[in-house]
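Single-letter residue listing:
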Amino acid sequence: MTSRTVIQLALRSAAVGYVVCLILLPLSALGREALVAGPGRFVEDVTQPQAFAALVLTLGAAVVTTVIHAVFGTLSAVVLVRYEFPGKWFLNALVDLPFAVPTLVAGLMIAAIYGPTGMLGAWLQDRGLAILYEKPGIVLAMLFVTMPFTIRALQPVLMELEREQEEAAFTLGASPWTTFWKVTVPSVLPGLLTGVFLTFVRALGEFGAIVIVAGNIPMKTQVASVYVYGEIESYNPQGATSVSIVILMISFLSLVVLERLTRPPGERMPACFRGGSWLRSRVRELPT
Amino acid sequence: MKIEVRGLSKRFGSVQAVSDVSFAVREGELLGLLGPSGSGKTTVLRLIAGLETPTSGEIFIDGRRVNDLSVQQRNIGFVFQHYALFKHLTVFDNVAFGLKIKKWRRSDAGARVAELLRLMGLEGLGHRYPHQLSGGQRQRVAIARALAPRPSVLLLDEPFGAVDAKVRQELREWLIRLHDELNVTSLYVTHDQEEAMEVSDRIIVFAKGRLEQVGSPAEVYEEPVSEFVARFIGSMNILEGEVKDGLVRVGSLEFPAPGFQDGQRLLVGFRPY
Amino acid sequence: MRLLLIATVWLYFGVLLIGPIAYLSAQSFGEGVAAFWQEITRPEAVHGFALTAEITAIVLVANVVLGTITALVLARQRFIGRTLLSGIIDLPFAVSPVIAGFMLILLFGPETILGTLLGAAGIKVLFALPAMVLATLFVTFPFVVRELTPLLQTIGAESEEAARTLGANEWQVFLRVILPSLRWGLIYGATLTVARAIGEFGAVLVVSGNILMLTQTATLHIYQSYVDFNYVAANAVAFTLLAISFGILTVLEIARARAAAAQQA
């Protein structure tokens, strides 16, 4: 063995060992806990009214968040790429801010301005719309922490979008409408899907921002992550495990679906078997 | 005349890209638009295709004035410099794109695509995606796609610009062969004078948005109309001399200079043979 | 139409980002600068900042060293299970921070094998610094690796091989060829790690026990103050972290621009 092979083996063992200890070991602990209890207990935990309501609320709020960002995030990406206007650089730099701001601080900011004594909150309350400690607050918190995903996933795709491809469609007789649906949309779709799915997964797991703004009233404004936290605090690891497993499964599944949908055309093998990353490398998922 | 252009001009803001250009392309001809980069040749091609609107001037295809027709209505085939293949479609679907738009019957379209793939040496690659092809293959797909709906003229913008030298030579031979076989009137843009000389039936030389000279490769080479054309095509040494007694003197050499006045200064060009 | 679109984007940013940030900043000084200063210099707050800094420093070093090694292994070595390893690295992204913390509790709890062993050896993991560091490592692990692996793949192994043919040993290759080309990408990944480590809340809350003056980080201190209706304290510390976030954002933007420029060259 040359010294180089020794070094390579040492590095490889370090990397594999680190990943196994840091990521796989904790995951296996959760899996073990679930297996020990068995499927009967799992179903019982998850269908318990408070847990079930938390899961439904989380999924619903995450879907609403995703839809809002899909519309307004796409719009923002297009405007930021195609138009020149005063303050453009400022907005562009601001996009990443939710990744740099602690989620708890994000929650405080929303609570301050949209709370009943806050500037916007008081105004909205007079019009009969309460945000804080209500469902809109949860969506607002999720919107804040996931803001960059759609915009940052779409921007590079929109910039790369070749005018030439659209022109080629024109010369082949395609109308602008046909060109938009058959050429522009398919080229942008992988970026949009990446943004949408990452938004959804991130929103599902959000805790810090929501715990501040939601009020955490069981059956009403308690999301799954807050429910899990409550179960841990009240020494019920079993209940926490079952709900965690559901959230994790949905998250993993979303990422696998995303992987399948955005696989380059003609590639049969999923990226995780080709050595690629599950998530598109152009999207940087940043701090919460 | 297959294509005719009269007094064509195009301004982009303060830049005069094309000024007062007129020429005609004959049926079945393979014509090269030659000029340095920024000379307006690509703009002329895009104006003919309808991808740009002329500031002034008229364009005729098949004797019909097409100024007011959109790109879609002009029935031209366009090959882009960087291929502009649809990345989300297979080779087959790329070539079939125009046929689907024109609502060809499925069986006819399939036969047409197969025929073109065979003609372009792309058999067996129909199910592949653009990113799985080499540069030369991509360009041939682009040509096949442009030819599929039977355009009345084929316009090519620097078709071999993005591939390496060896592949370029191969593609040139393809283009000549293709042109001989299909006999479709073709107009192509290049900045490579050697390529233009080898491939074209006739050459149009552009400089700074103006048409300098039109002629067969031999004409343009043997009888350049201006110093620019002389310098741009082939290699030439140019020296200055003064006319005296109907002769121009360059150093110790004398050449006949009929029709020039004594004392006039002339440029004399020499080509290696 | 154009104006309407631009106005919509401004409104979207205003409602979600600009408004809340500006309002919180104003609120932090609502009781005056003196009150703000008093809140962030209270012993509990200072302890929180110090603990956050300590955890961040440990996590930063671990992530930079082991993250770089993992990226090198992923980009340059071929072995069975490499693709699986690459897939696992993205997993923390899909795991809610609370669940990440919960998994550590299950792993190190007093009734588990690992917990019993460590307890017998007198090492306290849960509700102490080790678990807080592990939780933060878990959530920040992908940042450096995910930043460096694609970078190494684009750069290619050619210049490293060239250095070897010129007689450089592995350490020299790393120090003189690999590291310089990774510099801005590494700074980018490291900054992300710092941002997330400072801001981490859910995972740390679960494993720390949130013990005052002992395991209470800056974010936990904000949470505790908020729950205790001490909004002045919560806002003051939150504003301090927000200001740090802006600094981090600036470094991120610079590093991103430099990394892009370096890749072009």
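Further up the page is the structure itself.
Here's what I pulled together on the structure shown here. (Residues numbered from 1 in each chain as written. Chains lettered and ligands numbered in written order. Predicted model: local features only at pLDDT ≥ 70, side-chain atom pairs only at ≥ 80, totals over all residues.)

Looking at the overall build of chain C
Helix and strand content of chain C: 13 helices and 0 strands. Of all 265 residues assigned to chain C, the portion counted as buried reaches 51%. For chain C, the share of sequence-separated contacts (at least 6 apart) that also reach a separation of at least 24 residues comes to 78%. (Helix = DSSP H or I, 4+ residues; strand = E, 2+ residues; numbered from the N terminus. Buried ≥ 20, exposed ≤ 12 C-beta atoms within 10 Å, placed from the backbone. Contact = placed C-beta atoms within 7 Å.)

Quick notes on the interface of chain B and chain A
One frequently used descriptor of interface size is the decrease in accessible area upon assembly of the parts. Residue-level contacts link 22 residues of chain B with 18 residues of chain A. Residue assignment for the side of chain B that touches chain A shows that the elements contributing at least two residues are β6 (76–79) and α2 (91–101) of chain B. A class-by-class count of the residues in the side of chain B that touches chain A yields 12 nonpolar, 7 polar and 3 charged. (Nonpolar A, V, L, I, M, F, W, Y, C, P; charged D, E, K, R; others polar.)

Digging into unusual backbone geometry
Even without being glycine, Met219(A) reaches a positive phi, approximately 70°. Residue placement: Met219(A) occurs in the loop between α10 (208–213) and α11 (224–233). Phi at Lys208(B) is positive, roughly 50°, even though this residue is not glycine.

Considering the arrangement of the chains
Take the 2 pairs of chains in contact: the one carrying the most contacts is chains A and C. Left apart from each other, chain B and chain C have a closest C-alpha approach of 17 Å.

Observations concerning the packing of α11(A) against helix α12 (residues 237–261) of chain A
Residue and element names in this part refer to chain A. One way to put it is that α11 packs onto α12 with a least axis distance of 8 Å and a crossing angle of 160°. As judged from the angle between their axes, α11 and α12 are roughly antiparallel. Between α11 and α12 lies a crossing of left-handed hand. Residues Ala-224, Tyr-227, Val-228, Glu-231 and Ile-232 of α11 touch α12, and the partners they reach there are Pro-237, Gly-239, Ala-240, Val-243, Ser-244 and Ile-247. Residues that form the contact of α11 with α12 fall into these classes: 8 nonpolar, 2 polar and 1 charged. (Axes fitted to C-alpha atoms, helices over the stretch in contact; angles between N-to-C directions. Parallel < 35°, antiparallel > 145°, perpendicular 65-115°, else oblique. Left-handed = near helix turned anticlockwise from the far one by under 90°.)

Regarding the sheet that holds strand β1 (residues 3–12) of chain B
What holds strands together in a sheet is hydrogen bonding between their backbones, with the strands either parallel or antiparallel. All names here are of chain B. If you trace the 4 strands from one edge of the open sheet to the other, you get β2-β1-β4-β5, paired in antiparallel fashion. The open sheet has two edge strands with one neighbour each: β2 (15–25) and β5 (64–65). Direction of pairing for β1 relative to β2: antiparallel, over a ladder of 7 bridges. By the bridge assignment, Leu-8 is partnered in β2 with Val-21. Taken strand by strand, helix α1 (residues 41–49) contacts β1, β2 and β4 (56–61), and its axis lies near 115° from that of β1. (Pairing = 2+ DSSP bridges.)

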